[in-house]
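Chain by chain, the residues:
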Amino acid sequence: VQLQASGGGLVQAGGSLRLSCATSGRTFSMYDMGWFRQAPGKEREFVAAIRRSSGSTYYVDSVKGRFTISRDNAKSTVYLQMNSLKPEDTAVYYCAAGRLYIVPNSYDYWGQGTQVTVSS
């Protein structure tokens, strides 16, 4: 599975961005999908995930109510809608495909990352 993330950019605090992650192949619906982020000097953080079948979602507490993960199996694409962005959301965001959506170590395939910068 190959993943291509896009949609990052520079935005002011309070603004919005929508990240997309397009995947190759016909197996997208077989994977749970997640978004991770890594800020400079910090460890990678598990941000959001969505199950392959039920559409159940997970969010880290710091983004609940602001971020929304969704998927379109017909387009083999997962999205992360980010609203009310804060400077602390600044990071490189990665999409990933895995087997157990709430288990960060179960993600086997990774995209290349897209930079999100939120100015104060």
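Residues numbered from 1 in each chain as written. Predicted model: local features only at pLDDT ≥ 70, side-chain atom pairs only at ≥ 80, totals over all residues. Heavy atoms only, no water.

(A) Representation of the sheet that holds strand β7 (residues 67-72). The strand order across the open sheet built from four strands is β1-β3-β8-β7, with neighbouring strands paired in antiparallel fashion. The open sheet has two edge strands, β1 (3-6) and β7, and neither has a second partner. With direction set aside, neighbouring strand axes in the sheet form an average angle of 15 degrees. Note that β1 and strand β3 (residues 17-23) share four bridges and pair antiparallel. (Pairing = 2+ DSSP bridges. Helix = DSSP H or I, 4+ residues; strand = E, 2+ residues; numbered from the N terminus. Axes fitted to C-alpha atoms, helices over the stretch in contact; angles between N-to-C directions.)

(B) Region of the structure containing a nonpolar patch on the surface. A contiguous nonpolar patch, built from Leu-100, Ile-102 and Val-103 and spanning about 250 Å² of accessible area, is present on the exposed surface. Secondary-structure assignment places Leu-100 in the loop between β9 (91-98) and β10 (107-110). (Patch = residues over 30% accessible without salt bridge, like charges linked within 9 Å, V, L, I, M, F, W, Y side chains within 5 Å. Areas by Shrake-Rupley, 256 points an atom, 1.4 Å probe, with all protein chains shown as cover. Salt bridge = Lys/Arg side-chain N within 4 Å of Asp/Glu carboxyl O.)

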